Amino acid sequence: MYFPVGWPKRVSLGLPGERSSIRHLSCDAVKILVAAVGDSFLGIWYASPLIPIAYFQRSERSLREYGPGQVVVWKPDSRQLALLTEAGALLLYQLDFDANGSSILMQVDPPTASLRRDSAELFIKENIPRLSLRELCTISLGPPITAVCCISLSELLLATGSCELLRVQWAQLEQAEGGKELSALAAITLRDIPFYVQQQPHQTSARNVPPLGREAFVASLEYSPFIGGCAAVFSDRRAAFLVANHLLFDKDHMHGFWVPDVEDASVCSVNHKFRLLAYGQESSAVHVYAIDDATGGLEFSHRLMLTENVLPGSLGAVNELKWSPDGCVLAVSWSNGGLSLWSTFGALLMSTLSWDFGLNVDLLRHNPLKLRRLEWSTEGYQLFMLTQQPPEAQQAPESNVLQLQFVKSALSMNPCMTANPHILLQGDDCLYLNQGNNLERTYAGSQATFPASGAGAGDQSADDGDCLELKQSPHTGSVLTESKYWTVLQLPLNYASTNWPIRYAAIDADGLHLAVAGRTGLAHYSLVSRRWKLFGNESQEKDFVVSGGLLWWQGFVVMGCYSLLDRTDELRCYPAECKLDNQFGHKLQVRAPVISLNSFRHQLIVLTADGIVSLFNMTKKSAYALDIDCAYELDVKSICIHPACIVSLTVTNLRNEFKPQGQLPAGAEQAETIIVNVCGRILMIQRDSGEQVPNTLLATCLASCVEVFWLSHALERCAMRDCLWLYSGAHGMRVWLPILPPGREPREGDQGGAQRLHSFMSKRIMLGFPLKLYPLVVLFDNVIVLGVENESTLYANDNDSHFSLPFSVMERKSQIYLHKVLRQLIKRNLGYSAWEIAQSCRSLPYFPHALELLLHEVLEEEATSKQPIPDAQLPSVLDFIREFPVYLETIVQCARKTEIALWPYLFSMAGKPKELFQLCLQSEQLDTAASYLIILQNLEPSVVSKQYATMLLDIALQQRKWELAKDLIRFLKAIDPNEIDSPRSSMVVNVKIAPPPQVNTQQQVNQNADAFNMVLGPIARERSFSTTVTSNLPKDKQASAAGSAAAPAVETSSSGAPTVVRRRSTKQREIFCIDLILQRHARQLLQQHKLMDLGHMCAYLDFHLVTWLSQEAERAAKLDDFAGALQTLHEELQLPAPFPPQAKDDFAQLRGSHHTVGGAGSSQTSESGYFSLATPNGAATQSPQLQPSIKEEEELQQPRSLPVLKTRSGSQLSFDNFRYRRLYSLPASEDEAATDPLPGKLSIKLRYLLQLFIEANCTDYALVLSILLQDAASISRIVNGIIRSESVLTCRRMETALKQLSQSTFEHSGSLYRGFVLTLQPHIYLLEQYIQSLGEAASGPLREVSTSSDPGADSGTGIHGSEDEADDFVPNRTAQQGNGNQWTVADLRPSHQRLTRHASLESNGNAAAVGGGSAQATPTQRQLPRQNSREREGCGIM
């Protein structure tokens, strides 16, 4: 609720120019003026800015007679002060205001122009009054005055050393000057009044047990009008509660209660709003008591004790307790140092003992925050702290006053903000805003990936996949995107300078508008336009004071206020779209000051100071006007001591009994119930169906010790609607929710249907669970609470630095409460209600985590319990989680985050890990199954985990889970081969499953059989012989038998301990088995033509694909149906069919394919995919190892649209794309417009695979990939490599493949490769000629020739020819011209085969080029020169 911000500031409140120690601080009733008491002076300061106004220096005589000042008390009207001295005298001071009302500051600019203030921000606009302080009188009684407190506007209560209480008036103190006797209105001797001890809440009180001591007197006293008495601490450390029936304080109408269980009280404090009494003790604890309305006595509420980061007894006694002005926070300090903040009912908000003071500070001996006095400033935004001076210090080296800045939740002053899903904190002049939906709103319309929650993901369409599309107008309470950033809004100077500090702050439900109210007036801010709106007429701003609260309703800001101009109490409404002016506002006069207000739908509920609750109906007429009509009024004075004790209230349609849908009355949307928080007790006032006004006599108390409550009545799709949420500080969070009846479907023949409930069944239930943070926002749809935690950062270690103390920061925290509610429901056998709630939350991304937390809490509690649990909750929780598809995942995630010692207890009820692993495989939850391998590895022998990991690896490879397969391979390789057969030593048997091992006791028990016989008789003798088996075999046979039975990997040393002999080949065998699995799967992928999956497998699993393909070149890498393989590749890559079915108009299809596809195919003939990987922008990515081929590659990538004709290596001709287009009559525009038929990334992947297949000499797949890429250069290299291999079978296989692809292409007129296949005809012709020449040169059959060829030579001189050989392949120019186009047998001699073969290629090209072609030449023959030139370039590159 309260959170410190920044550094504690050290402020000086002593006399100007002097260093003096401040002994006490006190603020006046409105927290504007601060009185500082020094050793010899009294000073008055203004709170903000902290400026001194007046001082009074005491005389030396006064100091000698009465001693230094100790405590100062303000009169409620801030005109007089009473100073109590150490000698027990009372000094009265008068504070006079200037009659002219002039300010203490005269802000005049100097005449020098450069020193003048140019901005209005440099002026202090606050009217700081001019005051004068003078001493009126000195009151010195016979017995010393020990305590003083103010009990009314005109009266004081004095406690004396003679154990008396004197009730005097402020005016009587002036008459007692000069030694006159003080005439008290009443004098009560505490020894004469009865004291009671309430031992038990329902027992009769005992009188005068024990009696008050003779030497005891009141050491500390504090009065509260709402409790009708005083909290007192006596000098003998006993605590009491003094009760007066009326303000007369006479002994006949006064009695006391001894505080039970408090025997060492040191200080006391009273909370007026919640009617609580806090007593600090010497034992560092604080006991807080409430007033029992039935008996009027004390009722124990809670105990405050700091246990974290504290050694027992190191804190010392509690020396100060101070409640905040709003009663929401209690500040506690200890004598040995330390400060803590607690909420009203005991939730720890902050502790300086957990701050980081650095390594040089010993908090036990020299705590920098050793405090002795605390005082809250204006609205609780600052806390003044007086530090203790060390006894060895003679003079104060610096000021002993620290000021700590705070921000607080808007709920502390404006409880109606519980309906909004935003965290709003308010400082004295700024706002801190945190919206959980700000990132979601920023990225609205985008897609965010969340894990699928079991079967819930299956309800979505298949197109959505795992992506959840965010709505354009997202729910404001969604915190799927965790945002911990704070939006800090500074108040405009024009408003803050005269209306400091902020008293009320409100934000609308959409988080678009903010409104603040200070000392006077109003201002609001738009988060859309980022602008503040202030009153244009400043006099209108100064004419009213907001009181009771502030809220937004449909674009209007609604408030209760007091008009200073008309002297009336009003309700005002101002539209957000108009400028702030009274002419656009709506006013409604009320009878008394507004204390609190709230809204529900279109209804407004208002509580006034006369104890009347009014309900108004609001109707919006336009964007700038609305009507407010009073529906009814209700007197609530009978349910509260005073209307100021009502902390908050709201109106809702929530009812005590559960009414299913369909049975609600016609006016169910109207509010039927008023919920009021009276001093922490939640009262529900319901309206009967026949009445128009709720009856306070029917008020029902639902809970006590409640600080804040929330209502979830606005939900529609959540099963936790119509719930009441209560936060009770140290008692945790409580929820009052309806019990959902099972089977709500109507049945035939049943008039009432399934809605008819038994009258004896409970309709609602109250569940409680602890929280780790203070909840500021409850998000019902997301089953999460949001809060703020305080953290500290140290910036300097130097103790003399101003920044030596830690710097306080705030951080937003969140906590899921779904598992807490589910556990409570399951514990009470309300499984159906728990299942309904869980079903409504299945779409949340952290729903599996909530189930995991549920299981983890129950497991930790039951498995570590020392007591037997007859009704264990773990089986019920497991059965509940089994209803959801994430059951297997929840079990393994919970197990992996708990200790191994708890696993046996978990799996004894959840099922064996082997069975759960099999279930994961059956449901295809492979990732979950992989998690179970860790469980199996720790609970089973390694051979079992290896077996299941191998099984899972095979399935993962089949389902292409490459990341999982990679982890599994690493897991298998990490298994120690020497532990394969050894049992698990880490298996810990839980106490709840098997008896604990008796290790220590076994050594103390006599194991001799005679000892058992003496106790158990002859039965023990028989058992002793049966348990000890002695072998009759000889020793040598026993040794041989033991050696044969033992594992060969285990030997026995001379000492008898087993020695593990490591076998080097075991690890190699394990790796070999993994390689066999990978090779088998790779062979399946290759046979199914799944080349992309094969590439992913190679990339993820570090599989040496080239080496394996080299071995499979003649086996799995062989293709029989090349067209089918191409068709399968198109299906895998989701490309158009390569051979579409023929259309009806074959001629039109042929003509269209000739103009479009042919052009596209021809443009691809200049692409090379061996050493360069094509990139989307046309660049080439080259390997560093392939630098010798860069120049030739650059020549291949010249612009295709230019008719370039180059000569290389003498008479070599480069391929001329322009002449090729002209030869086939293709338009030039088609070539430039052609694009890559494959996407950029896909093309890169395929070219990489092509390179691997070429390196492995897998010509079949290399040919198919080259055709898929339409890369003629790669096909040229493949054909040249085959010809170089001198294998007739390989040449015939390539010729058959090309003919088969050509036939399939020409049979389907719409084929994508029709134009490209035309460019492959020279290769078919070349292969035919080469095979024919080999057949003519062979002396024997072709089969013998192929058999005599060396396979090793084929692979060695395959596609990869060396660069040295490429130089030998340059043909003789004269031989080329002389031979012409003739092939002879003499040229094919073995010694000259290689040179003659390439010379014949060149001669074919030159004959066609010189002769210009003939009329009988075919297109294939005319294309040969260009293609052969292209092939020569390919050979040169290789």
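Figured I'd write up the structure that's included with this text. (Residues numbered from 1 in each chain as written. Predicted model: local features only at pLDDT ≥ 70, side-chain atom pairs only at ≥ 80, totals over all residues. Heavy atoms only, no water.)

## Brief notes about the state of the cysteines
Rules: Disulfides are defined as pairs of cysteine sulfur atoms found within 2.5 Å of each other.
Tallied over the full model, the rule gives zero disulfides. This cysteine, C268, is not joined by any disulfide, and C230 carries the nearest cysteine sulfur, 9.1 Å off. For the unlinked cysteine C573, the closest cysteine sulfur is that of C561, found at 9.6 Å.

## Looking at the nonpolar core
Let me state the cut-off plainly: Side-chain atoms within 4.5 Å link the members of a nonpolar core, which is a set of buried Ala, Val, Leu, Ile, Met, Phe, Trp, Tyr and Cys residues. A 1.4 Å probe rolled over the protein chains alone gives each residue an accessible area, and that area as a share of the maximum for its type sets the label: buried under 20%, exposed over 50%, partly exposed in between.
Core analysis: the largest hydrophobic core is formed by 246 residues, its most contacted members being L522 and F1253. In this structure, C163, A216, C230 and A240 belong to the second largest nonpolar core, which totals 27 residues.

## Side note on helix α9 (residues 847-863)
Under the convention used in this document: Secondary structure elements follow DSSP: runs of H or I of four or more residues count as helices, runs of E of two or more count as strands, with numbering from the N terminus. In this analysis, the expected span of each helix is defined as 1.5 Å times one less than the number of residues it contains. What makes two residues a contact is simply this: any of their non-hydrogen atoms within 4.5 Å.
With 17 residues, α9 ought to run about 24 Å at 1.5 Å a step, and its terminal C-alpha atoms sit 24 Å apart, in line with that. Against the buried residues of α9 lie β58 (807-816), α7 (818-827), α8 (831-840), α10 (874-881), α11 (887-896) and α12 (903-910).

## Some details on the environment of L1238
By secondary structure assignment, the location of L1238 is in the loop between α29 (1228-1233) and α30 (1240-1255). Considered as a pair, L1238 and L1133 are 105 residues apart in the sequence and their alpha carbons are 9.8 Å apart.

## A short note on the packing of aromatic side chains
As a reminder, the rule being used: The rule is short: rings of Phe, Tyr and Trp, with Trp giving its six-membered ring, pair when the centres are within 6.5 Å, and they are stacked under 30 degrees, edge-to-face over 60, tilted in between. Lysine NZ or arginine CZ positioned within 6 Å of the ring centre and within 35 degrees of the ring normal marks a charge as sitting over the ring.
Applying the stated rule across the entire model yields 32 aromatic pairs. Ring geometry for F195 versus F234: centroids 6.4 Å apart, planes at 70°, classification edge-to-face. Within this pair, whereas F195 is found in strand β14 (residues 195-197), its partner F234 is found in strand β17 (residues 229-234), the two being separated by 39 residues in sequence. With respect to burial, F195 and F234 carry one shared label: buried. When the centroid spacing of 5.8 Å and the interplanar angle of 70° are considered together, the rings of F535 and F544 count as edge-to-face. Assessed through its relative accessible area of 6%, F535 is described here as buried. Here R238 stacks its cationic end above the ring of W258, 3.8 Å away from the centre of that ring. Stacked on the ring of Y381, the Lys or Arg K408 has its end atom at 5.0 Å from the ring centre.

## Focus on the pattern of salt bridges
Cut-off, in case you're wondering: By convention in these notes, a salt bridge is any Lys or Arg side-chain nitrogen within 4 Å of a carboxyl oxygen on Asp or Glu.
For the coordinates displayed, the defined rule picks out 36 salt bridges. When the shortest N-O distance is used, the salt bridge between E379 and R503 registers 3.6 Å. Remark: R503 occurs in the loop between α5 (493-499) and β36 (504-507) and E379 occurs in the loop between β28 (371-376) and β29 (382-387); sequence separation between them is 124 residues. Considered together, E379 and R503 belong to a single accessibility category, that of buried residues.

## Re the sheet that holds strand β25 (residues 329-334)
Applied cut-off: Should DSSP find at least two bridges between two strands, the strands are taken to pair. Helix axes are fitted only over the stretch in contact, all axes being lines through C-alpha atoms; the angle between N-to-C directions runs from 0 to 180 degrees.
Read from one edge to the other, the open sheet built from four strands follows the order β24-β25-β26-β27, with strand pairing classed as antiparallel. Each end of this open sheet is capped by a strand with a single partner; those strands are β24 (318-323) and β27 (348-351). Sheet twist, expressed as the average angle between the axes of neighbouring strands with direction ignored, equals 15°. Alignment of β25 against strand β26 (residues 339-343), held across five bridges, turns out to be antiparallel. Bridge pairing in β26 links S333 to L339.

## What about the sheet that holds strand β5 (residues 51-57)?
Spatially, four strands are ordered β2-β3-β4-β5 in an open sheet, and the strand pairing comes out antiparallel. The sheet is open, and its two edges are formed by β2 (22-27) and β5, each paired on a single side. Taking each pair of neighbouring strands and ignoring which way they run, the sheet shows an average axis angle of 20°. Of the pairings in the sheet, the one linking strand β3 (residues 33-38) to strand β4 (residues 41-46) comprises five bridges and is antiparallel in character. When the bridges of β4 are listed, L33 appears paired with Y46.

## Overview of the side chain of S40
With respect to the secondary-structure elements, S40 resides in the loop between β3 and β4. Since its relative accessible area comes to 18%, S40 is described here as buried. Apart from residues lying up to four places away in sequence, S40 is in contact with F56, Q57, R58 and L63.

## Some thoughts on the pairing of strand β30 (residues 401-409)
For β30, a buried count of nine out of nine residues is recorded, marking the element as mostly surrounded by other parts of the structure. In this sheet, β30 lies alongside strand β1 (residues 2-11) in antiparallel orientation, the contact comprising seven bridges. Following the sheet pairing, P4 is matched in β30 by F406. Across two bridges, β30 lies against strand β31 (residues 422-426) in antiparallel orientation. Considered in β31, the bridge of K408 is made with Q426.

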